[in-house]
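# Survey of secondary and tertiary structure
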Amino acid sequence: MKLVIIAIFLASLTSMCGTERDLETEHAEVMHEEQVLALNGTERWKADEPTNRHMAQLQGMVQEFNLQAENNSAAAYNDLGTSMKAEMQELFKDCRMKGPSHDMLHVYLMPLVEDVNMLAEKDEHESEAAFARVSARLQEYNQYFE
């Protein structure tokens, strides 16, 4: 039974990249509490070019949002969340990573997906808090992945 659960878990992880799916589904399928974001020993994890490109796009969206003073409304956070969700869908679709680096990428992405979804909500205070977490999480990407 334990082997069946492990096989299903591994199949869901390997099937996540390269397919177009809902971010809520992506988040639910990779939720496993025993994994913690960490380096690959003392090295950063190797990410593929599409993943790095999409992560740079997400980082750029946050930087651009920060430069615009009028972006402190619920509508502005909602627009950013919608754009970021679309970029993350592309990230999942284009990802070709496999193995432990792929698994760690999903550990990294789990809280990011949740907070990007919150940005798309209508509550300004929740969106503002989610934006702060998204910003911090995106700043961590280059610490863990290359």
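Reading the values: rules and limits
- Residues numbered from 1 in each chain as written.
- Predicted model: local features only at pLDDT ≥ 70, side-chain atom pairs only at ≥ 80, totals over all residues.
- Heavy atoms only, no water.
- 1 Å grid on protein atoms, 1.4 Å probe; cavity = no way out; pocket = protein on both sides within 12 Å on 5 of 7 lines; lining within 4 Å.
- Points joined across faces, edges and corners; volume = space filled by probe spheres on them.
- Helix = DSSP H or I, 4+ residues; strand = E, 2+ residues; numbered from the N terminus.
- Nonpolar A, V, L, I, M, F, W, Y, C, P; charged D, E, K, R; others polar.
- Axes fitted to C-alpha atoms, helices over the stretch in contact; angles between N-to-C directions.
- Parallel < 35°, antiparallel > 145°, perpendicular 65-115°, else oblique.
- Left-handed = near helix turned anticlockwise from the far one by under 90°.
- Contact = heavy atoms within 4.5 Å.
- pLDDT = per-residue confidence, 0-100.
- Buried < 20%, exposed > 50% of the residue type's maximum accessible area, 1.4 Å probe, protein only.
- Polar contact = N/O pair within 3.5 Å; in protein donor to acceptor, adjacent residues only side chain to side chain.

Attention now goes to the layout of surface pockets. Estimates place the volume of the largest pocket at around 200 Å³. Listing elements by their share of the lining of the largest pocket, those giving two or more residues are helix H3 (49–67) and helix H4 (74–94). Of the residues contributing to the lining of the largest pocket, the split by class is 4 nonpolar, 5 polar and 2 charged.

Each packed pair of helices is defined by two parameters, the angle between the axes and the distance between the axes. Where H3 meets helix H6 (residues 124–144), the closest approach of the two axes is 10 Å, and the angle between their N-to-C directions is 140°. Comparing their axes, H6 and H3 come out oblique. Viewed along their axes, H3 and H6 form a crossing whose handedness is left-handed. Taking contact as the criterion, the partners of Thr51, Asn52, Met55, Leu58, Gln59, Val62, Phe65 and Asn66 in H3 are, on H6, Phe131, Val134, Ser135, Leu138, Tyr141 and Asn142.

It is worth spelling out the confidence of the model for the chain at this point. Scored by pLDDT, the chain comes out at a mean of 82, with 77% of its residues at no less than 70. No element of the chain has a lower mean pLDDT than helix H1 (residues 2–16), which averages 44, and none a higher one than H3, which averages 96. Ignoring residues within four places in sequence, the model shows residues 1–14, a span with pLDDT below 50, making 7 contacts including any to other chains. pLDDT under 50 marks residues 23–33. Its contacts with residues more than four places away, or in other chains, come to 26 contacts.

Quick look at the side chain of Ser101 now. By the element assignment, Ser101 lies in helix H5 (residues 99–119). On the basis of relative accessibility, which here comes to 13%, the residue Ser101 falls in the buried class. At 3.5 Å, the side chain of Ser101 forms a polar contact with the backbone oxygen of Lys46. Non-local contacts of Ser101, meaning those with residues more than four positions away in its chain, are made with Trp45, Lys46 and Phe145.

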